[in-house]
Amino acid sequence: MRQESIQKKKNGIKKDISKSYNQFKEFEGKKYTGMKVGRTHKWYYDKGEWKEKKVTPDKWQFTSNVTKRRAGIVPEGSGVPLGTEYHRYILANQNVKKIDANSYTTSMIGLKYKVAHKRAEKNSWSSSEDAQRKRLIKIFKGQLKS
C-alpha cells in the first residue's frame, strides 16, 4: 500500500503536503525550498561503524559510517531526488557512561548545519571549497557569540 501525501487537517480539509516541500519559503530574508523551518523528522540509525583514534590526551579523531532511515514514510512526491548529497557540519555534546567492560551508553545533542549540497543530476557542489570554508568560519564565529 503506497503512502499518501494527502493528509486530512483538523477541519476535515485535505492538503497535499508534498507540494509544500518544493514551494519557496522565506527565512530571515532568504528564500529556500524543502522542509519548513520548525518541522521535525525522526530517524533510526542502522548498526554502523564508529572508529576513533586518540591524538592527544583530550582529543580524538573519529569516523562514523551508518545508514539512517526515516521513522515514518516520506509522502510521495516530496523530498529531494535519489543521489542528492549534502555536506553538513555537526557541533554536538556527547555524554557517555560506561555500563560494563565493553559497553557504553551514549547520547548526543547538538546542531547540524548545511554547508553545501550536490544535486543528483550535477557533478559539482552548490558552492566552492573556499565558499564552504567561509561558511564554516561563519558558523564557528556565530557559536562564539552564543
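Our subject is the structure listed above.
Residues numbered from 1 in each chain as written. Predicted model: local features only at pLDDT ≥ 70, side-chain atom pairs only at ≥ 80, totals over all residues. Heavy atoms only, no water.

A. View of the packing of aromatic side chains. On inspection of all chains with the given rule, the structure shows 2 aromatic pairs. Aromatic pair Trp50 and Phe62: ring centres 4.4 Å apart, planes at 0°, arrangement stacked. Linking Trp50 in strand S6 (residues 49-56) with Phe62 in strand S7 (residues 59-65), this pair joins segments that are 12 residues apart in sequence. Between Tyr89 and Phe140, the ring centres sit 5.3 Å apart and the planes meet at 80°, which makes this aromatic pair edge-to-face. A residue pair is termed long-range when its members are at least 10 positions apart, and Tyr89 in strand S9 (residues 85-100) and Phe140 in helix H2 (residues 129-145) qualify at 51 residues. (Phe/Tyr/Trp six-rings, centres within 6.5 Å; stacked < 30°, edge-to-face > 60°. Helix = DSSP H or I, 4+ residues; strand = E, 2+ residues; numbered from the N terminus.)

B. A look at the pattern of salt bridges. In this structure the tally under the stated criterion is 4 salt bridges. For Lys118, the salt bridge goes to Glu85, with nearest N and O atoms at 3.8 Å. Pair noted here: Lys118 is in strand S10 (residues 103-118) and Glu85 is in strand S9, with a separation of 33 residues, a long-range link. The residue Asp130 makes a salt bridge to Arg133 at a minimum N-O spacing of 3.8 Å. Pair noted here: Asp130 and Arg133 are both in helix H2, with a separation of 3 residues, about one helical turn. Through salt bridges with shared partners, a single network forms among Asp130, Arg133 and Lys134. (Salt bridge = Lys/Arg side-chain N within 4 Å of Asp/Glu carboxyl O.)

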